[in-house]
Amino acid sequence: MKVTLSKAQYRAVNALRGMPYDAHMLIMCSQPTKTGGILEGSQKAFDELVTFISEEMAEGMLSASASRTLSALCVKIDPSCASWLGA
């Protein structure tokens, strides 16, 4: 799977800490671009990333701006999560 990120999404995802291994490697192996970045990896890694972001949001660990930015990223990865993210 391959997902293109905006600059805001790329900054926000790189600021996350404590991710599961596959999600961490997805971010560490990302490709920066002039307009943001590109994540490329397995479905498992993307699922871990979406789960981690949703847990961080539920626990109130993200700023309002990061929550909005990362919610949009989650919907880009998995459109079915839009209903429970409120995006």
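Residues numbered from 1 in each chain as written. Predicted model: local features only at pLDDT ≥ 70, side-chain atom pairs only at ≥ 80, totals over all residues. Heavy atoms only, no water.

**Here's the deal with the pattern of salt bridges**
Stated formally: A pairing counts as a salt bridge when a side-chain nitrogen of Lys or Arg comes within 4 Å of a carboxyl oxygen of Asp or Glu. Think of it this way: any DSSP run of H or I at least four residues long counts as a helix, any run of E at least two long counts as a strand, and we number them from the N terminus. We call a residue buried when its accessible area falls under 20% of the maximum for its residue type, exposed when it is over 50%, and partly exposed in between, using a 1.4 Å probe and counting protein chains only.
Enumeration over the complete set of coordinates arrives at one salt bridge. D22 is the salt-bridge partner of K44, the closest N and O atoms lying 3.0 Å from each other. Here D22 lies in helix 2 (residues 21–28) and K44 lies in helix 3 (residues 43–58), a separation of 22 residues in the sequence. Classification of K44 as exposed rests on a relative accessible area of 52%.

**A short note on the packing of helix 2 against helix 3**
Rule in force here: All axes are obtained by fitting lines to C-alpha atoms, using only the stretch in contact for helices, and the reported angles, taken between N-to-C directions, cover 0 to 180 degrees. Orientation labels follow simple angle bins: below 35 degrees gives roughly parallel, above 145 gives roughly antiparallel, 65 to 115 gives roughly perpendicular, and whatever is left gives oblique. Any two residues whose heavy atoms approach within 4.5 Å at even a single point are treated as in contact. Polar here means any residue outside two lists: the nonpolar Ala, Val, Leu, Ile, Met, Phe, Trp, Tyr, Cys and Pro, and the charged Asp, Glu, Lys and Arg; Gly therefore counts as polar.
For the pair helix 2 and helix 3, interaxial distance at closest approach is 8 Å and the crossing angle is 100 degrees. The pairing of helix 2 with helix 3 is recorded here as roughly perpendicular in orientation. Packed against helix 2, whose contacting residues are Y21, D22, A23, L26 and I27, the element helix 3 presents K44, A45, F46, E48 and L49 at the interface. Of the residues in the contact of helix 2 with helix 3, the class split is seven nonpolar, no polar and three charged.

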